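Take a look at the letters that make up each chain.
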Amino acid sequence: MSAVGRVMRVGVSRRRTQTIVIGLATLMAVTASVLGGGLIVVSGAPFDDAFTAQNGAHLAAAFDPAVVAPDDLAASARAEGVTATAGPFPVVTVVSEENGRPNPPLTFAGRDDPDSAVDAVTLIEGEWPDAPGELALAAGDVFLPLGERLDFPALPGSPTLTVVGHARSSTDTAEGWVTEDQANTLKGTGAPDGQQMFYRFASAGTATAMETATASVAATLPADAMTGSRSWLDVRRLVERETAVYVPFLMAFGVLGLVMSVLIVGNVVAGAVGSGTRRIGVLKAIGFTPAQVVRAHVGQALIPAAAGTVLGVLTGHLLAVPILAETSDAYGAGALTVPLWIDAVVVAGVLGLVAATALAAAWRAGRLRTVDALAVGRTPSAERGRAAARIAGGLPLPRALTLGLARPFARPVRTLAMVAAIVFGATAVSFAVGLSSSLDVILSARDHDVADVTVRPEPPSTGPGGRPDGPPPDLPDDTSAITAAIDAQPGTKAFYVVREAPAVVAGTTEDTELIAFAGDASWGGYTMIDGDWIGGPGEAVVPTGFLRTTGAEIGDMITVTVEGGRTTLRIVGEIFDLKNDGMKVYTDGAGLTLPMKNASVAVAVEPGTDLAAYTAELGRALKPLGAGAEEFQEGGSEMITILNSLTAALTLLLVAVAGLGVLNGVLLDTRERVRDMGVQKALGMTPGQTISGVLTSVTLVGIVGGLLGVPAGMALHNAVVPAMGDSTGIRLPQAALEVFTPSAVAALGLGGLAIALAGAMLPALWAARTRTTTALRTE
Amino acid sequence: MTSPVIELRDVGRAYDEGPPALQAASVTVRAGEAVAILGPSGSGKSTLLNLIAGLDRPDSGTVTVNGVRVDRLGEAGAARYRRESIGMVFQFFNLLDDLTVADNVMLPAQLAGMPRAAARRRAGDLLETLGIARHARAYPGRLSGGQRQRVAVARALMNRPPLLLADEPTGALDQAAGEDVARLLRDLNDEGQTVVVVTHDLRLAESCTSRTIELVDGRVVADVAAAR
């Protein structure tokens, strides 16, 4: 081994704390960067591949056949910017039934051939329908195995469709495909519900370009001909949203980790140079060139950084597996992995940054004159911090504490580095606590979990093989006996009946659920984003997804159709609800004449009620009425579990790095001052006083770090959480952002102090244990 | 005859695998005595001083100072013992460079819990007595070696310790400053202060002590009373 290599190795093994700090900091930076970068690049890959292979539609547009004839739609192919078209294809929306219950509506397109210039549908298995009664189901929506049948008893002639194939359209243009004749005749009216056309444009890369292109298509057709449209950008966003949600917060952690790495590496190397001045002098005196001295110090940083980088790449890949699995499942692609070039870029970037920082910090060592290096002692210039020592000495505190209080001012740069480390640690903790609280709020809002007990129909008896013997039951149309029983149950505070039905809303082909409440449901945990809660009959609140899909706004009127019955509702509010992609309409059930089923009753109990006993008792009372009671089961979320786990892991890592940054700083300080401490001990300073003095030396640092870090973490939270919502097309309720209570902020503020004290504890113990005679001998 | 302040009985101390620094050393020092511990480098002088100061523990034997079994004290107990019973003067002064002269002198008292005002008064008196009061607000780096050692002596006397230990107190001083410090130690002893000086400087021993104990290879080879 060369002399430089030997010096490097000795430096790494002797300075274990610094080595661990650098390794952990780079591990964290690389993990977050690999994961974040990988997700950004990989999450859209399956969609992009399929879109390219299928000549996916930049624009899928639906037209009203009553306004524009199919033959006239061809004119739109000549619209400015259009490079290819396919269609028109007839489209029908139908409701199948199973065991006498309607299924959610399905939209089928009539296409005799899956191949076309735009949106060439890929047959995954089975055959393409070429005869009446045959259906190819879209993969990923309703899954029925080949040979299964869908019955439509409500349609004229009670037609049946048999699943003969499974197919996939990259732009998700239909939930199934039948022959064109079948689509035209399925409803017995001789005409489809609509026509669809697919377009590719010369310029379709941005939302603005798509708006322009869509407008140019619409301009070639009669007004109101286009009843709906979908941009490939929206489809891509939906596909990516499972992974996109992770990107903003991983970017935040990635940046925190990178800055922290630079800070720690710079501080550690500068500290090594500062405290090893005499050693540098000796190395030079025995023949080391300035370049060799610099190389030796840069190497001491690069060795642990390289180890941290390797571990970070591995950790990033391992953490990416569960996140990318969802995307790969959706497209039937093989297991997705973070591409190697991401690893290469991250590794090169992080190591380059570490090397540059170490080089800058070690440069001083190379330029130091040998005679000066040998002459300079390890104790810092006593000139600095004298004013602070004087002021602290006058404070009415024990002398051991006032000595510690003045310490940060003797080494201002090192102190700043420690403050910065704590700022990052406190920022990470505040951000993580805020994110976790926001996710809790979102989870609660999603589950509407205010109801303590839910009353549902008794499950059906099971026949041979454990299959349900008959259709799943509903609550009776008249729930008065059930509500009377609930009302009579001691401990009942409030309740409302939930009625449901699959519905169609004018202007969209998306499946929509209509939910009507009998009773006051305002306490039911439906979190408002905008507008007001339902004030009475004829008013409705809808989730963000509904507003986005239909283009409706608060104050608009919507027409809702359930099994032929129609009602018109006015949207009065936007609520937070992610289920069914937000395609839900909530309204007051009073006076509503639509055919709806009573699905459940939500019950709140009086405070202090034994919930288990209440539920059991209510269940016994309801059993004769064909209903049962169950305690609310909080729904989980794999995404939120992953998010919380990732946040906890990255935060722990960052806090550990921050604590180790403090430890490193205090250790350097303690070692430099070991002689002074020996003197103090010789003068009668007890081990307890030594510990309290060292801990006090980081108190100010911890408080300032906390005071700066907590607002930074809150600001980061307030920027990242809405960005995470945006990346998934979700508008978050204000309650999800306002999660920092004054007591939480105060507790988080103390977090900076806790990090500082934890980081300083080991050096403090070391200082207390160091033998006075050893300390006094130390130069 | 006064009672013993220091009583070492058959004290042994060895470091790692080297030869013993002290072997069965027995020393008694009575109140008001001024004793010089003499010996060549490596003879065990500093080890003996460290054991008396409670900075180190013997491997064998007992160390009793002012009635306290120093060899049995824990770290905290030893620290309190040093505060109350010992004043130490070092060869290289060991003043804290970031504290003023007054703050250096006040430090032992403040560590012992003396109120700041009382400590300031006591430090002022000491600095006045030792002739360095005008340097009270100065930092040690600006003082001469002799002045620094006077500050160190003032600090050592701050808690009125029954025993003053000095480890090569003139080793880092020029001749004039060394003689000045020797005179100071003699004056203190004349006022009743028990003084133990570790030195290899025979002239210092003769000028400020009334008894010399000579160590060679960790053993007491001579214990001689001498007229000063």
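Scoring rules and cut-offs
- Residues numbered from 1 in each chain as written.
- Chains lettered and ligands numbered in written order.
- Predicted model: local features only at pLDDT ≥ 70, side-chain atom pairs only at ≥ 80, totals over all residues.
- Helix = DSSP H or I, 4+ residues; strand = E, 2+ residues; numbered from the N terminus.
- Contact = placed C-beta atoms within 7 Å.
- Buried ≥ 20, exposed ≤ 12 C-beta atoms within 10 Å, placed from the backbone.
- Axes fitted to C-alpha atoms, helices over the stretch in contact; angles between N-to-C directions.
- Parallel < 35°, antiparallel > 145°, perpendicular 65-115°, else oblique.
- Left-handed = near helix turned anticlockwise from the far one by under 90°.
- Nonpolar A, V, L, I, M, F, W, Y, C, P; charged D, E, K, R; others polar.
- Pairing = 2+ DSSP bridges.
- pLDDT = per-residue confidence, 0-100.
- Core = buried A, V, L, I, M, F, W, Y, C linked by C-beta atoms within 7 Å.
- Expected span 1.5 Å × (residues − 1).
- Bend = angle between axes of the 7 residues up to and from the residue.

1. Describing the overall build of chain A
1) Next: Secondary structure summary: chain A contains 25 helices and 22 strands in total.
2) Next: Taking all contacts inside chain A whose residues are at least 6 apart in sequence as the whole, residues at least 24 apart take part in 85%.

2. Some words on the overall build of chain B
1) Next: Assigned secondary structure in chain B consists of 7 helices and 10 strands.
2) Next: When each of the 228 residues of chain B is scored for burial, the buried share is 52%.
3) Next: Considering only contacts in chain B between residues 6 or more positions apart, those separated by 24 or more positions represent 67%.

3. Overview of the packing of helix α3 (residues 101-111) of chain B against helix α5 (residues 145-157) of chain B
Residues and elements named next belong to chain B.
1) Next: Two elements in contact, α3 and α5, have axes separated by 7 Å at closest approach and are oriented at 30 degrees. It follows that α3 is roughly parallel to α5 by the angle criterion. Every pair of crossing elements has a handedness; the one defined by α3 and α5 is right-handed. Here Val 101, Asn 104, Val 105, Leu 107 and Pro 108 of α3 lie close against α5, whose contacting residues are Val 151, Ala 154 and Arg 155.
2) Next: Residue composition of the contact of α3 with α5, grouped by class: 6 nonpolar, 1 polar and 1 charged.

4. Some points on the sheet that holds strand β8 (residues 194-198) of chain B
Residues and elements named next belong to chain B.
1) Next: If you walk across this open sheet you meet the 6 strands as β6-β7-β8-β3-β9-β10, and the pairing is mixed. Sheet topology places β6 (86-89) and β10 (219-225) at the edges, where each strand pairs with a single neighbour. Adjacent strand axes in the sheet meet at a mean angle of 15 degrees, parallel and antiparallel pairs treated alike.
2) Next: As paired strands, strand β9 (residues 211-216) and β10 are joined by 6 bridges and run antiparallel to one another. Each residue of the ladder has a partner; that of Leu 215, found in β10, is Val 220.
3) Next: Along the sheet face, helix α6 (residues 175-190) touches β3 (34-38), β7 (163-167) and β8 and points at about 150 degrees away from the line of β8.

5. A look at helix α14 (residues 399-406) of chain A
1) Next: α14 of chain A sits mainly inside the fold: 7 of its 8 residues count as buried.
2) Next: When we look at burial in α14 of chain A, the residues that qualify are Arg 399, Ala 400, Thr 402, Leu 403, Gly 404, Leu 405 and Ala 406 of chain A.

6. Quick notes on the environment of Gly 536 of chain A
Residues and elements named next belong to chain A.
1) Next: With respect to the helices and strands, the residue Gly 536 is situated in the loop between β16 (528-531) and β17 (539-543).
2) Next: Overall, Gly 536 belongs to the exposed group, with 10 C-beta atoms counted inside 10 Å.
3) Next: A sequence separation of 16 residues divides Gly 536 from Asp 520, and the C-alpha atoms of the two residues are 9.7 Å apart.

7. Overview of the confidence of the model for chain A
All names here are of chain A.
1) Next: For chain A, per-residue confidence averages 80 on the pLDDT scale, and residues scoring 70 or more make up 87% of the total.
2) Next: Mean pLDDT in chain A bottoms out at strand β4 (residues 101-102), which sits at 65, and peaks at helix α21 (residues 687-697), which reaches 93.
3) Next: Of the regions scoring below 50 in pLDDT, residues 461-472 engages in 14 contacts with residues more than four places distant in sequence or in other chains.

8. Points about the pairing of strand β7 (residues 134-138) of chain A
Regular strands show a simple pattern: their side chains alternate between the two faces of the sheet.
All names here are of chain A.
1) Next: Counting buried positions along β7 yields 4 of 5 residues, so the element is predominantly enclosed.
2) Next: By the bridge criterion, 5 bridges tie β7 to strand β9 (residues 160-168) in an arrangement that is parallel. Counterpart to Leu 137 in the pairing with β9 is His 166.
3) Next: Sheet topology note: the β7/strand β10 (residues 176-178) ladder contains 2 bridges and is antiparallel. Each bridged residue has a counterpart across the sheet, and for Ala 136 the counterpart in β10 is Trp 177.

9. Description of the interface of chain B and chain A
1) Next: Counting residues at the interface gives 23 residues for chain B and 21 residues for chain A.
2) Next: Of all the elements in the fold, those that place two or more residues in the side of chain B that touches chain A are α2 (75-85) and α3 of chain B.
3) Next: Looking at the side of chain B that touches chain A element by element, the count peaks at 6 residues for α2 of chain B.
4) Next: Considered class by class, the residues forming the side of chain B that touches chain A number 11 nonpolar, 4 polar and 8 charged.

10. Regarding the packing of α14 of chain A against α21 of chain A
All names here are of chain A.
1) Next: Running from N to C, α14 and α21 point in directions that differ by 30 degrees, and their axes come no closer than 7 Å. For the element pair α14 and α21, the recorded crossing hand is right-handed. Note on element contacts: α21 touches α14 through Gln 689, Ser 692, Gly 693, Val 694, Thr 696 and Ser 697, opposite Ala 400, Leu 401, Leu 403, Gly 404 and Leu 405.
2) Next: For the contact of α14 with α21, the class distribution of residues is 5 nonpolar, 6 polar and no charged.

11. What to know about the nonpolar core
Residue and element names in this part refer to chain A.
1) Next: Ile 422, Leu 654, Val 657 and Val 662 are the most contacted members of the largest nonpolar core, which totals 238 residues.
2) Next: Element by element, the count of residues in this core is highest for helix α15 (residues 412-447), at 19 residues.
3) Next: Setting aside residues up to four positions removed in sequence, Ile 422 forms contacts with Ala 658, Val 662, Val 701, Gly 702, Gly 705, Gly 706, Gly 709, Gly 752, Ile 755 and Ala 756.

12. Side note on unusual backbone geometry
Outside of glycine, negative phi angles account for most residues, and trans bonds account for most peptide bonds.
All names here are of chain B.
1) Next: Look at Asn 66: it is not a glycine, yet its phi comes out positive at around 55 degrees.
2) Next: Mapping Asn 66 onto the fold places it in the loop between β4 (60-65) and β5 (68-69).
3) Next: Positive phi values are uncommon outside glycine, yet Asn 94 reaches one of about 50 degrees.
4) Next: Within the secondary structure, Asn 94 sits in the loop between β6 and α3.

13. Regarding the environment of Leu 318 of chain A
1) Next: As for its position among the elements, Leu 318 of chain A is in helix α10 (residues 290-331).
2) Next: Once the C-alpha coordinates of Leu 318 of chain A and Leu 35 of chain A are considered, the two residues, 283 residues apart in sequence, prove to be 9.1 Å apart.

14. Some thoughts on the sheet that holds strand β2 (residues 20-30) of chain B
All names here are of chain B.
1) Next: With respect to topology, 4 strands assemble into an open sheet ordered β2-β1-β4-β5, the strand pairing being antiparallel. Edge positions in the sheet fall to β2 and β5, since each of these pairs with one other strand and no more.
2) Next: In terms of strand pairing, strand β1 (residues 4-14) meets β2 through 7 bridges, oriented antiparallel. Paired with Arg 13 across the strands is Leu 22, a residue of β2.

15. Looking at helix α24 (residues 742-769) of chain A
1) Next: When the terminal C-alpha atoms of α24 of chain A are compared, their 40 Å separation across 28 residues agrees well with the 40 Å that a helix rising 1.5 Å per residue should span.
2) Next: Where α24 of chain A bends most, at Met 761 of chain A, the angle is about 35 degrees, and the proline Pro 763 of chain A comes one to four residues later.

16. Thoughts on the pairing of β1 of chain B
Residue and element names in this part refer to chain B.
1) Next: Where β1 folds back onto β2 in an antiparallel hairpin, the turn is made up of 5 residues, including Asp 16, whose phi is positive at roughly 45 degrees.
2) Next: Pairing of β1 with β4 involves 5 bridges; the strand directions are antiparallel. When the bridges of β4 are listed, Ile 6 appears paired with Val 65.

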